[in-house]
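For reference, the chains in residue letters:
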Amino acid sequence: MIWPIEDTQSSVQPAIEAMGLYQLLDIAKEGRSVWLDDGDGLAYAAMSWQTPLSLGYLLDVLPPKLAAAVDGDPATIIPSSD
């Protein structure tokens, strides 16, 4: 699952990860959540607006994250967008 968040200072990711229901999901157990954050809010904006220019940006940012999320190894660290 792709979770677009605005910045690394956001408390959204820890709050979601702390939820009991989230912890029961296979995506949490298998480390398949992709937290789409590049520190500038650009990835968040690109995912939200989905314009021709932003889609090009997402094509640069998303593939390595998605590949890491679906490789079948929960120990794989999903790369940051920095």
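Since this is a predicted model, take the numbers as computed values, not measurements.

What counts, and where the lines are drawn
- Residues numbered from 1 in each chain as written.
- Predicted model: local features only at pLDDT ≥ 70, side-chain atom pairs only at ≥ 80, totals over all residues.
- Heavy atoms only, no water.
- Helix = DSSP H or I, 4+ residues; strand = E, 2+ residues; numbered from the N terminus.
- Rg over C-alpha atoms; globule rule 2.2 N^0.38 Å.
- Contact = heavy atoms within 4.5 Å.
- Areas by Shrake-Rupley, 256 points an atom, 1.4 Å probe, with all protein chains shown as cover.
- Salt bridge = Lys/Arg side-chain N within 4 Å of Asp/Glu carboxyl O.
- Buried < 20%, exposed > 50% of the residue type's maximum accessible area, 1.4 Å probe, protein only.

The helix and strand tally for the protein stands at 5 helices and 2 strands. Along the protein, from the amino end to the carboxyl end, the secondary structure elements read β-α-α-α-β-α-α. In terms of C-alpha radius of gyration, the protein reaches 13 Å, essentially the compact-globule figure of 12 Å for 82 residues. Referenced to the eigenvectors of the C-alpha coordinate spread, the extents of the protein come out at roughly 35 × 25 × 20 Å. The long-range fraction of contacts in the protein, counting pairs at least 24 apart against all pairs at least 6 apart in sequence, stands at 56%. Working note: accessible area of the protein is about 5300 Å², and carbon and sulfur atoms make up 62% of it.

The next point concerns the environment of Pro64. Note on placement: Pro64 falls in helix α5 (residues 52–69). Taking the C-alpha atoms as reference, Pro64 lies 7.9 Å from Ile78; in sequence the two are 14 residues apart.

So, on to the pattern of salt bridges. Taken as a whole, this structure holds 1 salt bridge when the rule is applied. For Glu30, the salt bridge goes to Arg32, with nearest N and O atoms at 2.7 Å. Accessibility expressed as a relative area gives 29% for Arg32, which makes it partly exposed.

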